[in-house]
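What follows is the residue order along each chain.
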Amino acid sequence: MMKKFVFGNPLETEAMTDSRATPGSPAEEAGSVPYLSVSGGSEGESCVLTYDMGERDIIYGLGENVRGINKRGWIYESNCTDDPLHTETRRELYAAHNFFIVDGRERFGVFVDAPQKVTFDFGYENRDGMKITVSPGGFVLYILEGENVREMVKEFRRAIGRSYIPPRWAFGYGQSRWGYLSADDIRQVVREHREKGVPLDSVYMDIDYMERYKDFTVNEETFPDFPRFVREMKEEKIHLVPIIDAGVKIEEGYPVYEEGMKEGYFCKKEDGTEFVGGVWPGRVHFPDMLNEKAREWFGQKYSFLLDQGIDGFWNDMNEPALFYGEDNLDEVFRKLEDYGNQELDIKSFFGMKNLVLGIANRKEDYETFYHQYRGERVRHDRVHNLYGYNMTRAAGEAFEKLKPGERILMFSRASYIGMHRYGGVWTGDNCSWWSHVLMNLQMLPGLNMCGFLYTGADLGGFGANVTEDLLLRWLELGIFTPLMRNHSARTTRRQEFYQFGHTEDFRNVIGLRYGLLPYIYSEFMKAAVTGDMMFLPLAFLYPEDRSAAEVEDQLMVGEAMMIAPVYRQNARGRYVYLPEEMKLYRMRSLDSMDQEILPAGHHYVRAELNEVLVFVRPDQVVPMSQGGCCVEEVDMSRLNLLHFVKTEAVCELYHDDGVSRKIDFEKGITRITVKADGTIKTEGMLDPECCLV
Ligand code: GLC
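An account of the accompanying structure is given in this report.

Cut-offs applied
Residues numbered from 1 in each chain as written. Predicted model: local features only at pLDDT ≥ 70, side-chain atom pairs only at ≥ 80, totals over all residues. Heavy atoms only, no water. Near = heavy atom within 4 Å. Polar contact = N/O pair within 3.5 Å; in protein donor to acceptor, adjacent residues only side chain to side chain. Areas by Shrake-Rupley, 256 points an atom, 1.4 Å probe, with all protein chains shown as cover. Nonpolar A, V, L, I, M, F, W, Y, C, P; charged D, E, K, R; others polar. Phe/Tyr/Trp six-rings, centres within 6.5 Å; stacked < 30°, edge-to-face > 60°. Helix = DSSP H or I, 4+ residues; strand = E, 2+ residues; numbered from the N terminus. Buried < 20%, exposed > 50% of the residue type's maximum accessible area, 1.4 Å probe, protein only. Pairing = 2+ DSSP bridges. Axes fitted to C-alpha atoms, helices over the stretch in contact; angles between N-to-C directions. Contact = heavy atoms within 4.5 Å. Parallel < 35°, antiparallel > 145°, perpendicular 65-115°, else oblique. Left-handed = near helix turned anticlockwise from the far one by under 90°. Patch = residues over 30% accessible without salt bridge, like charges linked within 9 Å, V, L, I, M, F, W, Y side chains within 5 Å. Salt bridge = Lys/Arg side-chain N within 4 Å of Asp/Glu carboxyl O.

## Quick notes on the site of the ligand
Okay, so step 1: The full set close to the ligand counts 13 residues, and D206, D316, R413, D429 and H487 are the nearest of them.
Okay, so step 2: D206 places a side-chain nitrogen or oxygen 2.5 Å from an oxygen atom of the ligand.
Okay, so step 3: Between the ligand and H487, the relevant distance is 2.9 Å, taken from an oxygen atom to a side-chain nitrogen or oxygen of the residue.
Okay, so step 4: Starting from 310 Å² of accessible surface for the ligand in isolation, the protein chains cover 98%.
Okay, so step 5: For the shell around the ligand, a count of residues per class yields 8 nonpolar, 1 polar and 4 charged.

The structure is reproduced here in structure tokens:
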């Protein structure tokens, strides 16, 4: 059951698709909010919602965020921010995912539908206190109740609409790097993978492919005859995925800039002139993604690349990231001159340092420009968290027209709930740190709760220098995430698998992904179609188990499987908690795995650097293929079944053509029944030859 409460004059975010849940439809009195006490919130004032948490209450949710699966014990901000140092002390990342569930003494879900900054203090100021602060401006609050957390998530997901579904090839492995400067650089990446037998489906094109970082251009010197290059890659079964940035370079003669100016599609300041910010291309204007017309215009621009054969994109810098606001920059230079004319003492030295360090993503800059939103002029900070969402929506809506019927890969850095209908997210600029492997795992359930199913982290880490063991361990988690991409920053150590010695380990681990593809794709599609989660905290499946509720480093992946990746340097195993008896498959490759039945309880399980641990639940089956060098080559006619059958297991395998937008879920299902005596029966779309392993 979901109740809706309207505070002040909220702006429609279109997070909800269920018309009963949108502003303007009947709502309860704000004074009668259950669970939470409300104070403040009148015109120009923040609204504060508080709750006394029970000692054992757990908080799940908040999507892309730092810290654990249980969000209790820290303070989080929804304020989409570009900051590449995701340390424990951070409060905000790139996303604003304002949905969470309290599970404990009482059980309820909260969605704060507010596009402005919101702070969630879950036991920071006061260990047992919850305090949500919504910055001035109206908002809509939804309170959910339900039998159990998983059902509540489903109800929420029904209200926000079906999650984005990418093409099937986007479940393959992708190699990326900021610094592939030419078509030849990309050819080399492909060659290394193909020659060494390491599967690959996509290569990502970072800002280097553009002509001086201008959106919807291709550098003709470094990428000559681009359509031909795209075709050449397609013949190699490689999809090229270019990046699109939010800021449009200010340059006479550049059509995107000129059209945007002519039509008045860029964000403007109070005085009606265009706001100027600095990003990769230098001085840019920001398309007004909240203005329907501008959005439509920007979306159509993707045709420049679609027409050349491109079928996937990643949207970046769309918080929007600001290296500087030009007006402030002028002010900074003036002040620096003053500093230059004096002897720097303790005060002035730090004053100067902070002045320079603080020029990016300034709150004050975000307060100086405006959007045309549904016929009203709205200051940016009031709708800050909707910018990346609407950039991705621009693309998503355009794809429906430009490529009707076809799925196009799309994921974004900044996001808000609602964007999950148009694209996935990657979790931004992490680092090559062991702690970020764990953080990657811990974010997944929260992201799924908020509708983001197509998601993954920069495997190996974006910033800092990777080591071979870290990359391998991270890939061992990445083989389960829908988006499986190795990406790194320009000045860091190269981190393609072939920079390291043990090619066979990489071939085997990445190969496992292609083996698992039938299962990963099926579980993803089930989660998308039924509004379920693909990655669940153990407690969502074992709600009565107190120990399960404390597990922060294992996840259920779909119905059949539990994963427990190794995320510590030099570890050759790890402790694992089993809520019930399970069968462990210790996998080294598609042809080399051993198995062992483990009783419920705590275990120390060995896992060498090249070994992946998969735990199969009782009466469950995990279908695996024989692998392939790319998704297209995965043969669905011969399947190996991981299994732990005590009486009978039924597995629902989903398959389709991988590109059609229209999903006929029932038609795509193949039911594989395995009996305790080993007999196997299949019925449905496919008729695979199955073999128990
Ligand atoms: C941002 C992105 C990163 C990309 C870089 C250059 O930092 O998050 O993925 O490589 O910009 O485009």
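## A short note on the packing of aromatic side chains
Okay, so step 1: Across all of its chains, the model carries 51 aromatic pairs by this definition.
Okay, so step 2: Taking 6.0 Å as the distance between ring centres and 55° as the angle between the ring planes, the aromatic pair formed by Y76 and F122 counts as tilted. Highlighted residues: Y76 in strand 5 (residues 74-78) and F122 in strand 9 (residues 118-122), separated in sequence by 46 residues. Neither Y76 nor F122 differs from the other in exposure class; each is buried.
Okay, so step 3: Where Y454 meets F524, the ring centres are 6.4 Å apart and the plane angle is 80°; that geometry is what we call edge-to-face.

## A closer look at the sheet that holds strand 39 (residues 648-654)
Two orientations exist for strands paired in a sheet by backbone hydrogen bonds: parallel and antiparallel.
Okay, so step 1: Spatially, the 3 strands line up as an open sheet ordered 39-40-41, and their pairing is antiparallel. Each having just a single partner strand, strand 39 and strand 41 (680-684) make up the two edges of the open sheet. Averaged over neighbouring strand pairs, the angle between their axes works out to 15° when direction is ignored.
Okay, so step 2: Pairing between strand 39 and strand 40 (residues 669-675): 7 bridges, direction antiparallel. Considered in strand 40, the bridge of L653 is made with T670.

## Notes on the side chain of R574
Okay, so step 1: Tracing the backbone shows R574 in strand 32 (residues 573-578).
Okay, so step 2: At 3.0 Å, the side chain of R574 and the backbone oxygen of D553 are in polar contact.
Okay, so step 3: In terms of polar contacts, R574 uses its side chain to reach the backbone carbonyl oxygen of P565, at 2.7 Å.
Okay, so step 4: Once residues lying within four places of it in the same chain are set aside, the contact partners of R574 are D553, Q554, A564, P565, V566, Y567, H603, Y604, V605 and L613.

## Digging into the sheet that holds strand 17 (residues 277-279)
Okay, so step 1: One open sheet holds the 4 strands; their spatial order is 15-18-17-20, and the pairing between them is antiparallel. What marks the edges here is a single partner per strand, and that holds for strand 15 (248-249) and strand 20 (324-325).
Okay, so step 2: Of the pairings in the sheet, the one linking strand 15 to strand 18 (residues 282-285) comprises 2 bridges and is antiparallel in character. From the neighbouring strand, K249 faces strand 18, where its bridge partner is V284.

## Some thoughts on the packing of helix 7 (residues 326-340) against helix 8 (residues 346-357)
Okay, so step 1: Orientation of helix 7 relative to helix 8, taken along the N-to-C sense of each, is 160°, at an axis distance of 11 Å. By the angle class used here, helix 7 and helix 8 are roughly antiparallel. When you trace helix 7 past helix 8, the crossing you get is left-handed. From helix 7, V332, K335, L336 and Y339 reach across to helix 8, where they touch S348, G351, M352, L355 and V356.
Okay, so step 2: Taken together, the residues of the contact of helix 7 with helix 8 sort by class into 6 nonpolar, 2 polar and 1 charged.

## Considerations on the environment of S182
Okay, so step 1: Position of S182 relative to the elements: it lies in the loop between strand 12 (173-175) and helix 2 (183-195).
Okay, so step 2: Residue classification places S182 among the buried positions, given a relative accessible area of 16%.
Okay, so step 3: It is 8.8 Å that separates the C-alpha atoms of S182 and N219, two residues lying 37 residues apart in sequence.
Okay, so step 4: Ignoring sequence-local partners within four residues, the contact set of S182 consists of T222 and F223.

## With respect to a nonpolar patch on the surface
Okay, so step 1: A surface patch of nonpolar side chains, about 380 Å² in accessible area, is lined by L344, I346, F349 and F350.
Okay, so step 2: Mapped onto the elements, F349 comes out in helix 8.
Okay, so step 3: Judged by relative accessible area, which is 34%, F349 ranks as partly exposed.

## Things to note about the side chain of T13
Okay, so step 1: Secondary-structure assignment places T13 in the loop between strand 1 (2-7) and strand 2 (37-40).
Okay, so step 2: Only 2.7 Å separates the side chain of T13 from the side chain of D113, close enough to count as a polar contact.
Okay, so step 3: Ignoring anything within four residues of it in the chain, the contact list for T13 reads D113, P115, Y373, L386, Y389 and Y416.

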